[in-house]
Amino acid sequence: MRPDVIPASDWHFPRPEIRHLGNGLEVWIFDLPRQYVAAIDLVLPTPLSVEPRGLEGLATVALGAIDEGTRENPGGRITELLELQGAALQGAAGHSWTRLSLDAPVHRLPSALGLFAEVLSTPDYASDDIERHIEWQVAAFETRLASPSAMGRQALRIALFGEHQREGRPAAGTPETLQAITPTQVKAWHARYYSPTGATMVLAGDLGSIDVDLLCGRMERWRGAAAGHGPEAAAHLPRHLLVDMPTAVQASVNLAALTPGREDPDWAALKLGGHAMAGAFASRLNLELRERLGYTYGISGGFAARPRGGQFGLAGSFGVDVTADALRRVLDAVWLADGFTEAEIEDVRRYLIGIGPLANETAGDVARQACTLAAAGLGSGFVNEHMAALRRPAADDATAAFHRVVDPSQLGIAVTGPADVLESALREIGLEFEVI
Amino acid sequence: MIAEPLSITTTTLGNGLQVCVSEDPNAPAVSVNLWIEVGSRDETPGRTGFAHLFEHLMFEGSRHVEPGEHMALVEAHGGSVNATTSSDRTNYFNTVPPGALDLVLWMEADRLTSLDISPENFDAQRRVVKEEKRQRYDNQPYGDVLELLVAQHFPPGHPYAHLPIGSMADLDAAGIADVQAFFDHWYHPGNIRLVICGNVTARDALALVDKHFGSLTWRPAAARREPDVAPVSGKRSTVVRDVPHPIGYLSWLAPPAGDEAWPAIELALAILADGHPSRLHRELVREGGLAREVHGTALPHLHDASVACLLARPSDGTSTHALLEHVHRVIAALARTGPTDDELARAVAQHERDWLMELSSMESRADAIQDAWLTFGRPESVNERLGMVDAVTADDISRAAGLLSPESASELHYLPEGY
């Protein structure tokens, strides 16, 4: 017979040791036994809204080209030295903040971290390196134009924020803005915004045999003044956009609304409801649209925190002929005429609480979670507070919170696919779309 | 010390089920990972994509588990669950808090004894798989490149000639009558390897395995289709598609995945094309200005030949043909003089990080054990991986680069319309 499950003991997100270095850098240190690959995540709080208009993509190029060469080790030599230490650098210049990560075997960390500090302090940004990174970003933009799913995400930004706001425009810029970027501007961006003051570095891994003082000392050479802050994106009247891709064999559907976030007393209730609607495999929408109707490979969504506030979103790709019916069913679900049931919320509660230890299993998992919190100005204790808060809301609370923050008539919606088929089908379910 | 070796305990049940437990008392979870030794290579002509469709059907209910309930239950206990199908194996994996291990093993055994698929669920999953094919391949720029590369080396009818996703026509042609036959042929205990990895003792884990899987019935091993056509090399083809950029691909037949030459082949590909210090990037992108980007990849096969591949995107004014000539020149230089000490050391250090990362979570660690077990016949060989790579010499790299010769290369020129 079906075996019983022994409940897991309470789990807590690890507590870091926090140090403040002389150069202004805040360091969160997580000693995680038997995690032999260390993860280092640096958070720079600069949002893309401070990029000069017409030079969008500057932050992306400055980040991408940062490890091509340094004053001490130019012409690609610094990358060779990093690779020799088993280190890998990667990062992303997001709308709200920039992350630069280094992963390296723990036993090679002291050398790798010295090189990391060198990269941050003295990138040489040679002209040909900048030119190459600009070309890569232009090429990546063109590849996204050819991909219905990527176009869907881009169009959703326009639908939600409008192109007059930075968040409504592509994070990595467009060919026009990218090609306007010069090495001088890249160097100026680095000098202005790559600053330890206001930045947070998360260091996670098996540090048992590591001299942490020495590691922190390696970062002290990095200097710079305080970084800047830009305007927050504001809600604007959301639009319905239909991106015409005549040869697409599937339609990508993305919809979203700006909502309150972690600061809201109902945040846990919202997370529970959003996951019950579209986050879990056994979510309402996945059971309906995938398992019962076979309309899609899968639908995903729920509430996601932004550094301030939050966002509700849903995404899925559907056969072109069933897209309008799928969207009608999605919107019906978002109206939430039948509130969440206790069984739905209880399953989701057990998942969101129970997945904690698995979702924070590796050094990289912990570092990435911590860096998201640091970017939002929160401490690492937030995870444990949130876990405790998830225990409280009943199904009715989740339903009421959802109704309070999501107005289904005010969603930004982007559909990507053949407009000649989709426009009339969408009109038949009562939705008007602007074709772009 | 770089990392502790993994503990490995193995046994084989009377019905032929092979079991391996790897204890980690400090892990937050335990992974249950089954590899069924059946993949797209075992599909019969006219039924491509069936092994993968069958993987979906395995979640559609059994005697005591409702359709979709397997995934829902694992999630409701704070776990993660999924499955994948490759050319050589089908993989089902669950990672759960230790207290849910009993339940997961029970569910896995239930579907291996009493899979129960309704016609409605069969039809729905077939539609899901067709949408998966559209989402991952047909609706993506360059989405058919892997299919084209494979087809260049394996003639129609060869077991490796098609991808696990299969063709729309074959998916349409599949019927519910195919389900039981496929199950009977492949899903018997002797064709299954079970790895349990994480926070459980080998003793407890093996007792649970015996309790749930002991009653499965032994069946004789099924005949495996052997290729009746040989792989080929040296093909040249050009395709024109609605894509933004031209890309040139070179690909070669390589030894099967278990061959002792593989660590050197992987390091040679890394030295040639992995990262900005790689030779092709330095000579053709950074210094030569002939290419915008270069990458390398390997497609290992368990039986018969694998495929090694390098790709390059040309700069404006350079043709893919001219660019691939330059790629050959750089490979030939590596074959002739071997890597520098620094190049070899970098490739080894990068591999070390990737490998340790793979072992850092229970889910991917269980997969690494399975892969070592299937490839080399012993799960213990997972602990020999770093040593195998450390032992690669400069001469080994030269020999591996020598396999990537112009004479045996296939070329694919993937061009945008109007190029």
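Just so you know, these numbers come straight off a predicted model, no measurement behind them. (Residues numbered from 1 in each chain as written. Chains lettered and ligands numbered in written order. Predicted model: local features only at pLDDT ≥ 70, side-chain atom pairs only at ≥ 80, totals over all residues. Heavy atoms only, no water.)

**Observations regarding the overall build of chain A**
Move 1: In terms of regular secondary structure, chain A is built from 17 helices and 12 strands.
Move 2: Over its C-alpha trace chain A gives a radius of gyration of 23 Å, about what one expects of a compact globule, namely 22 Å for 436 residues.
Move 3: Counting across all 436 residues of chain A, residues that qualify as buried make up 59%.
Move 4: Partitioning the contacts of chain A with sequence separation of at least 6, the portion at a separation of at least 24 is 81%.
Move 5: Here chain A has roughly 16,600 Å² of accessible surface; of this, 52% comes from carbon and sulfur atoms. (Helix = DSSP H or I, 4+ residues; strand = E, 2+ residues; numbered from the N terminus. Rg over C-alpha atoms; globule rule 2.2 N^0.38 Å. Buried < 20%, exposed > 50% of the residue type's maximum accessible area, 1.4 Å probe, protein only. Contact = heavy atoms within 4.5 Å. Areas by Shrake-Rupley, 256 points an atom, 1.4 Å probe, with all protein chains shown as cover.)

**Notes on the packing of helix α9 (residues 262-273) of chain B against helix α12 (residues 341-358) of chain B**
Residues and elements named next belong to chain B.
Move 1: Put simply, α9 and α12 touch, their axes get as near as 9 Å, and they point 110° apart. In this view, α9 runs roughly perpendicular relative to α12, as classed from their interaxial angle. As α9 runs across α12, the sense of the crossing is right-handed. Seen from α9, the contacting residues are Leu267, Ala270 and Ile271; seen from α12, they are Glu343, Leu344, Ala347, Val348 and His351.
Move 2: Partitioned by chemical class, the residues of the contact of α9 with α12 number 6 nonpolar, 1 polar and 1 charged. (Axes fitted to C-alpha atoms, helices over the stretch in contact; angles between N-to-C directions. Parallel < 35°, antiparallel > 145°, perpendicular 65-115°, else oblique. Left-handed = near helix turned anticlockwise from the far one by under 90°. Nonpolar A, V, L, I, M, F, W, Y, C, P; charged D, E, K, R; others polar.)

**A closer look at the pattern of salt bridges**
Move 1: Summed over the entire model, instances satisfying the criterion amount to 62 salt bridges over all chains.
Move 2: Of the charged contacts, one joins B:Lys133 and B:Asp138 as a salt bridge, the two residues approaching to 3.2 Å between their closest N and O atoms.
Move 3: Assessed through its relative accessible area of 9%, B:Lys133 is described here as buried.
Move 4: Note on B:Asp138: relative accessible area 36%, which makes it partly exposed.
Move 5: The closest approach of N and O atoms between B:Arg399 and B:Asp396, which form a salt bridge, is 2.6 Å. Placement of the pair is B:Arg399 and B:Asp396 together in helix α15 (residues 394-403), with a separation of 3 residues, close to one helical turn.
Move 6: On the basis of relative accessibility, which here comes to 53%, the residue B:Arg399 falls in the exposed class.
Move 7: Note on B:Asp396: relative accessible area 23%, which makes it partly exposed.
Move 8: Several salt bridges share partner residues, and in doing so they unite A:Glu288, A:Arg292, A:Asp325, A:Arg328, A:Arg329 and A:Asp332 into one network. (Salt bridge = Lys/Arg side-chain N within 4 Å of Asp/Glu carboxyl O.)

**What to know about the sheet that holds strand β6 (residues 192-198) of chain B**
All names here are of chain B.
Move 1: Pairing within the open sheet is mixed, and its 6 strands lie in the order β1-β2-β6-β3-β5-β4. In this open sheet, the two strands that pair with only one neighbour each are β1 (9-12) and β4 (80-85). Across the sheet, the axes of successive neighbouring strands diverge by a mean angle of 15°, strand direction being ignored.
Move 2: Bridging between strand β3 (residues 30-36) and β6 involves 7 bridges; their strand directions are antiparallel. Each residue of the ladder has a partner; that of Asn33, found in β6, is Val195.
Move 3: The sheet contacts of helix α3 (residues 101-114) involve β3, β5 (90-96) and β6, and relative to β3 the element is tilted by about 15°. (Pairing = 2+ DSSP bridges.)

**So, the environment of A:Val330**
All names here are of chain A.
Move 1: Relative to the helices and strands, Val330 is located in helix α11 (residues 323-335).
Move 2: Accessibility expressed as a relative area gives 3% for Val330, which makes it buried.
Move 3: Put simply, Val330 and Leu289 are 41 residues apart on the chain and 8.7 Å apart in space, counted from C-alpha to C-alpha.
Move 4: Sequence-distant contacts of Val330, that is, excluding residues within four places in its chain, are made with Leu255, Leu285, Leu289, Ile299 and Leu314.

**What about the packing of helix α4 (residues 127-145) of chain A against helix α5 (residues 148-161) of chain A?**
All names here are of chain A.
Move 1: Closest axis-to-axis distance for the α4/α5 pair is 6 Å, and the angle between their directions is 100°. Overall, the two elements α4 and α5 adopt an arrangement that is roughly perpendicular. Within the contact between the two elements, α4 uses Phe141, Arg144 and Leu145 and α5 uses Ala150, Met151 and Gln154.

**What to know about the sheet that holds strand β2 (residues 26-31) of chain A**
All names here are of chain A.
Move 1: Across the sheet, 6 strands lie side by side as β1-β2-β6-β3-β5-β4; this open sheet has mixed pairing. Either end of the sheet is taken by a strand with one partner, and the two such strands are β1 (17-20) and β4 (88-93). Taken pair by pair, the neighbouring strands of this sheet meet at an average axis angle of 15°, ignoring direction.
Move 2: Sheet contacts for helix α3 (residues 109-121): β3 (37-44), β4, β5 (98-105) and β6 (200-205); angle to β5, the most-contacted strand, approximately 155°.

**What to know about the side chain of B:His188**
Residue and element names in this part refer to chain B.
Move 1: Relative to the elements of secondary structure, His188 occurs in the loop between α7 (177-186) and β6.
Move 2: The exposure class of His188 is buried, given its relative accessible area of 3%.
Move 3: When near neighbours in sequence (up to four residues on either side) are disregarded, His188 contacts Arg219, Pro220, Ala221 and Ala222.

**Here's the deal with the pairing of β4(B)**
All names here are of chain B.
Move 1: Because side chains alternate across β4, one face comprises the buried residues Val81, Ala83 and Thr85, and the other comprises Ser80, Asn82 and Thr84, none of which is buried.
Move 2: Bridge count between β4 and β5: 6 bridges; the pairing is antiparallel. Residue Ser80 lies in a different strand from β5, and its bridge partner there is Thr95.
Move 3: Between the antiparallel neighbours β4 and β5 lie 4 residues.

**Section: the interface of chain B and chain A**
Move 1: Contact residues are listed per partner, giving 68 residues for chain B and 69 residues for chain A.
Move 2: Buried area between chain B and chain A, both sides added, is near 5,900 Å², and the carbon and sulfur share of it is 55%.
Move 3: Looking only at chain B, the three residues that lose the most surface to chain A are B:Asn139, B:Arg286 and B:Arg292, adding up to 12% of its buried area.
Move 4: Sorting elements by how many residues they give to the side of chain B that touches chain A places helix α4 (residues 119-138) of chain B first, with 10 residues. (Buried area = accessible area lost by both parts, 1.4 Å probe.)

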